[in-house]
Amino acid sequence: MARKIVWTGLTLLFVAALVFFLGFADLLSDELSPWIGTLPNDPHKAALAIMKQAPVIVHLPYLVRLAYGNNVSAVDLETRMPGHVDIPRLRKGRVGGFFWSAYVGCANPEEEGKDFTDATWIVRDTLEQIDVARELISKYPDTFQLTTTSREVEVAISNGKIASLIGIEGAHQLGNSIAALRQYYALGVRYVTLTHICHNAFADSCGYLPGIKPLHHGLSSFGRLLIDEMNRLGVLVDLSHTSDDTASQAILYSKAPVIWSHSSAREVHDVPRNVPDKVLRLIGKAENQNDAVVMVNFSPFFIADEGMANVQAVADHVEHIANITGKAHVGIGSDFDGIGDTPTGLEDVSKYPDLIAELITRGWNKVEIAGLTGDNLLRILKGAEKTARHMQAVGTAPIYDLYPKRPDLPLRQDDL
Ligand SMILES: [Zn+2]
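Residues numbered from 1 in each chain as written. Predicted model: local features only at pLDDT ≥ 70, side-chain atom pairs only at ≥ 80, totals over all residues.

## Here's the deal with the packing of helix α9 (residues 221-233) against helix α15 (residues 366-393)
Relative placement of two packed helices is described by the angle separating their axes and the distance separating the axes.
Next, step 1: With their axes 6 Å apart at the nearest point, α9 and α15 run at an angle of 95 degrees to one another. With respect to each other, α9 and α15 are oriented roughly perpendicular. Facing α9, whose interface residues are N231, R232 and L233, α15 presents T387, A388, M391 and Q392.
Next, step 2: A class-by-class count of the residues in the contact of α9 with α15 yields three nonpolar, three polar and one charged. (Axes fitted to C-alpha atoms, helices over the stretch in contact; angles between N-to-C directions. Helix = DSSP H or I, 4+ residues; strand = E, 2+ residues; numbered from the N terminus. Parallel < 35°, antiparallel > 145°, perpendicular 65-115°, else oblique. Contact = placed C-beta atoms within 7 Å. Nonpolar A, V, L, I, M, F, W, Y, C, P; charged D, E, K, R; others polar.)

What follows is the structure, encoded as structure tokens:
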């Protein structure tokens, strides 16, 4: 009885506080308001206030390989870098975390061979890119922190560090080997994009321009085994760059939530790299859907007709995806340093708050913005970790299958 009275008292106090804040919110100053549940009236101040607490998570490809030959000692991230990213601009943009893409491009088809077995240097090059990411992260310990779990991301952000997740952008970087996935995982890799702009042994790509001919019509059976192992380890399945068939098969096949690390909406701008509505409709909590987050790409070519890409156009993509999937399934991908041009008003990582301000103007609230700038992705990461824990707890065996077209090793004993 006494407990009930205390509980009722606490509830009333809470409701009274809520009424007070809702009723008097407008009277409070812009400086105080983020801490008591309201936003400053000025959308730019509001953006900065929210982003202090829920920093954006972005995707960063590989400038260091091209511009510095991977010489980490020559790279000075404290000064202005030639691309879109450096420490002062990351701080100005309130960036709390990002994906370091240990990307290596597709080999040309003649060098690779029709069964994808000849471009063996790609695994070496991928190891070099993972090395660059890890070396740069450890070169700036006051700024970056290598993070391999959702918990580590949260701790890094709360300590004022930029949480750094490593991924590889295209399963061609696995050299047709699921064992390579396990070893990349051991080095910190936590997402794998199933394809880049080329098909590979695991899945079909959407290519770059329309008209790429399908090879597997989605996932190959070896690709399904790859997803099984990614799910068991807790590596995020990334569907950016994949064909529509690959994306719709993979999102339903994966036992864990998936991501699009840098893709926009095809209904808003019709290019193959953007996600069509029929695939967006597979995202959600219903029986025939999967949890996912689509992180919007800023490349002007994917955003709008020539000369039309700006902050408003990027916000249109964010809102279109949100209208179909719900706001809990959108994020910011950007692809800074991976794209040549940028939209007007979003020239580098320091400009994120302007996009957030635009969305606040369009009515996005604090919780929705916090989701967009990081919380939605963290939910997906936690979901993937939960799936991995469950699969390991029930004794799911690692995948030891070999790529069937591999000429250099006998197949598994039970296949012989
Ligand atoms: Zn990409």
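Alright, that's what it looks like, and here's the rest.
## Describing helix α8 (residues 178-186)
Next, step 1: Residues of α8 that are buried: I178, L181 and Y184. Buried residues along α8 cover an arc of 105 degrees about the axis, so they all sit on one side.
Next, step 2: The elements touched by buried residues of α8 are α6 (121-139), β4 (162-169), β5 (189-193) and α9.
Next, step 3: Looking one or two residues past α8, G188 carries a phi angle of roughly 115 degrees, positive in sign. (Buried ≥ 20, exposed ≤ 12 C-beta atoms within 10 Å, placed from the backbone. Arc of directions from axis to C-beta.)

## Re the environment of L359
Next, step 1: Among the secondary structure elements, L359 is positioned in helix α14 (residues 352-361).
Next, step 2: Residue classification places L359 among the buried positions, given that 24 C-beta atoms sit within 10 Å.
Next, step 3: A sequence separation of 40 residues divides L359 from E319, and the C-alpha atoms of the two residues are 8.5 Å apart.
Next, step 4: Not counting residues up to four positions away in its chain, the partners in contact with L359 are A315, V318, W364 and I369.

## Thoughts on the nonpolar core
Next, step 1: Ranked by size, the top nonpolar core spans 105 residues in total, and within it I259 and I356 carry the most contacts.
Next, step 2: By residue number, the principal contributor to this core is α15, which donates seven residues.
Next, step 3: Other than its neighbours up to four places away in sequence, I259 contacts Y191, L236, D238, A292, V293, M295, L377 and I380. (Core = buried A, V, L, I, M, F, W, Y, C linked by C-beta atoms within 7 Å.)

## With respect to unusual backbone geometry
Next, step 1: Its identity as a non-glycine residue notwithstanding, F116 has a phi of 65 degrees, on the positive side.
Next, step 2: Here F116 shows up in the loop between α5 (109-112) and α6.
Next, step 3: C-beta crowding within 10 Å serves as the criterion here: with 24 such atoms nearby, F116 is assigned to the buried category.
Next, step 4: Of note, N176 is a non-glycine position whose phi angle comes to about 60 degrees, a positive value.
Next, step 5: Summarising the element assignment, N176 is placed in the loop between β4 and α8.
Next, step 6: With 24 C-beta atoms counted inside 10 Å, the residue N176 sits in the buried group.

## Observations regarding α6
Next, step 1: Here α6 is 19 residues long and its end C-alpha atoms lie 27 Å apart, about the 27 Å a rise of 1.5 Å per residue gives.
Next, step 2: Three or more residues of α6 are buried, namely I122, T126, Q129, I130, V132, A133 and I137. Angularly, the buried residues of α6 cover 150 degrees about the axis, an arc narrow enough to put them on a single face. Seen from the buried face of α6, the exposed residues on the opposite side, beyond 90 degrees, are W121 and R124.
Next, step 3: On its buried face, α6 is in contact with α3 (63-68), β2 (95-101), β3 (144-146), β4, α8 and β5. (Expected span 1.5 Å × (residues − 1).)

## Regarding the confidence of the model for the chain
Caution applies to low-pLDDT regions: their predicted coordinates should not be interpreted in detail.
Next, step 1: Overall, the predicted model of the chain reaches an average pLDDT of 87, with 87% of residues at or above 70.
Next, step 2: Under a pLDDT of 50 for its full length, residues 1-36 has, in the predicted model, 18 contacts with residues more than four places off or in other chains. (pLDDT = per-residue confidence, 0-100.)

## A closer look at the environment of V275
Next, step 1: Here V275 lies in the loop between β7 (258-260) and α11 (277-280).
Next, step 2: Put simply, V275 and I321 are 46 residues apart on the chain and 8.9 Å apart in space, counted from C-alpha to C-alpha.
Next, step 3: Once residues lying within four places of it in the same chain are set aside, the contact partners of V275 are W260, S263, A265, R266, L280 and V294.

## Here's the deal with the pairing of strand β9 (residues 330-334)
Next, step 1: Among the five residues in β9, five count as buried, and that is most of the element.
Next, step 2: Side chains V330, I332 and S334 of β9 all project onto a buried face; the interleaved residues G331 and G333 project onto the opposite face, where all are buried too.

## Things to note about the pairing of β5
In regular strands, side chains alternate between the two faces of the sheet.
Next, step 1: Of all five residues in β5, five are buried, a share of seventy percent or more.
Next, step 2: Of the pairings in the sheet, the one linking β4 to β5 comprises four bridges and is parallel in character. Counterpart to I168 in the pairing with β5 is V192.
Next, step 3: Following the backbone out of β4, through α8 and into the adjacent parallel β5, one traces a crossover that is right-handed.
Next, step 4: In the sheet, β5 pairs with strand β6 (residues 236-238) via three bridges, with the strands oriented parallel. Following the sheet pairing, Y191 is matched in β6 by L236. (Pairing = 2+ DSSP bridges. Right-handed = clockwise from strand over helix to strand, strands pointing away.)

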